[in-house]
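Close look at the chain arrangement
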Amino acid sequence: MLSGVMLVWFLFTALSLLFVVVDIRSTPAPPVLKWGFILLTAYTGPVGAFLYVLGCREPLPGLHERYVATRWRQVLGSTMHCVAGDGVGILTGAVIASLFYLTRSTDIALEYVLGFGFGWSIFQALFMRDMAGGSYGGALYSAFFPELLSMNCLMAGMVPVMTLAMASTPASRDPTGPSFWFIMSMALLVGFITAYPMNWWLVSRHMKHGMMTVRPPNKSADHGSLKSMHDNHPPSEQSGGVQQESKTPMDDDVKAVSNSMLTWMTILSFVVFGSGLSIAIIFGGL
């Protein structure tokens, strides 16, 4: 029964990934977001493709700015960016732990370190350094806490699913078998759900970006009729004037985050992560 479900899942994942890879080329989004949706679809199959169509795919020519301006789509982009980047490190850690027969607790620690490290240093800081004035060090500084809070909530959903599913599924820790990848896909999908509320808070406080629109200058949308949510922030041009990018400073309801608020939200994220670990320990024998 399970093998049949996995076969159908992987078949739909392949078809979904093919669709997104081909279709997203015409979507006026930055390359990092395009790669993010491709990775998300590789992780979550038809769910990722559905989120791409629902949250980022331009419904009609010239409507992308207006389409992605809604808050829930901005948060979708932020959460997708988190899961896509962190997922590379998490999956790498899971494969290494399986190959070297590490304990489950060591496995989870390795996945956390590699997931956070890749998501923070590469997907957040390196790929988005232009939003920090082009400084990689500045991007690392500004992305640390958003990445930490989002990562904790992502792992809070992933850890119980991985632990419970692998404890009850034979050969599920073998990365050469389908069970391993199916369980990791389900865990990343649940992690996406648990990370979404924290990303809502981060986006609303302008601590993380959401969806963005990138168009060649001669194809810019008519901002008189298709008003972007970023009217008070003029688009910047990439070097050479090849592309015109509408970045995403959030709405006028952005609230400054005090140190005390950031401290409490950091504590909350660790409490959420701890709750996921507790479930894994109590019910999964971690």
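How each quantity is defined
Residues numbered from 1 in each chain as written. Predicted model: local features only at pLDDT ≥ 70, side-chain atom pairs only at ≥ 80, totals over all residues. Heavy atoms only, no water. Axes fitted to C-alpha atoms, helices over the stretch in contact; angles between N-to-C directions. Helix = DSSP H or I, 4+ residues; strand = E, 2+ residues; numbered from the N terminus. Parallel < 35°, antiparallel > 145°, perpendicular 65-115°, else oblique. Left-handed = near helix turned anticlockwise from the far one by under 90°. Contact = heavy atoms within 4.5 Å. pLDDT = per-residue confidence, 0-100. Patch = residues over 30% accessible without salt bridge, like charges linked within 9 Å, V, L, I, M, F, W, Y side chains within 5 Å. Areas by Shrake-Rupley, 256 points an atom, 1.4 Å probe, with all protein chains shown as cover. Salt bridge = Lys/Arg side-chain N within 4 Å of Asp/Glu carboxyl O. Buried < 20%, exposed > 50% of the residue type's maximum accessible area, 1.4 Å probe, protein only.

Some points on the packing of helix α5 (residues 71-99) against helix α7 (residues 136-168)
Two numbers describe how α5 lies on α7: the axes approach to 11 Å, and their chain directions differ by 65°. Classified by the interaxial angle, the pair formed by α5 and α7 is roughly perpendicular. Seen from above, α5 lies across α7 with right-handed handedness. From α5, C82, V83, D86 and I90 reach across to α7, where they touch E147, S150, M151, L154, M155 and M158.

With respect to the confidence of the model for the chain
Across the chain, pLDDT averages 86, with 86% of residues at or above 70. Segment residues 222-254: pLDDT under 50, and 66 contacts once partners within four positions in sequence are set aside and those in other chains are kept.

Notes on a nonpolar patch on the surface
Together, L164, I279, I281, I282 and F283 make up an exposed nonpolar region whose accessible area comes to about 510 Å². No other element matches the four residues that helix α9 (residues 259-284) contributes to the nonpolar patch. With respect to the element layout, I282 can be found in helix α9.

A short note on the pattern of salt bridges
Pairing between side chains becomes possible if they bear opposite charge and their charged atoms approach one another. Using the criterion set out here, one finds five salt bridges in the structure. Linking E58 and R215 is a salt bridge whose minimum nitrogen-to-oxygen distance equals 2.6 Å. Pair noted here: E58 is in the loop between α3 (46-55) and α4 (64-67) and R215 is in strand β1 (residues 213-215), with a separation of 157 residues, a long-range link. Per residue, the accessibility class of E58 equals that of R215, and both read buried. R104 is paired through a salt bridge with D107; the nearest N and O atoms lie 2.4 Å apart. With a gap of three residues between them, R104 and D107 both fall in helix α6 (residues 104-126), about one helical turn apart. What emerges from the salt-bridge pattern is a single network uniting E58, E65 and R215.

Observations concerning the side chain of S150
Note on placement: S150 falls in helix α7. Contact partners of S150, with chain neighbours within four places excluded, come to C82, A195, M198, N199, L202 and K208.

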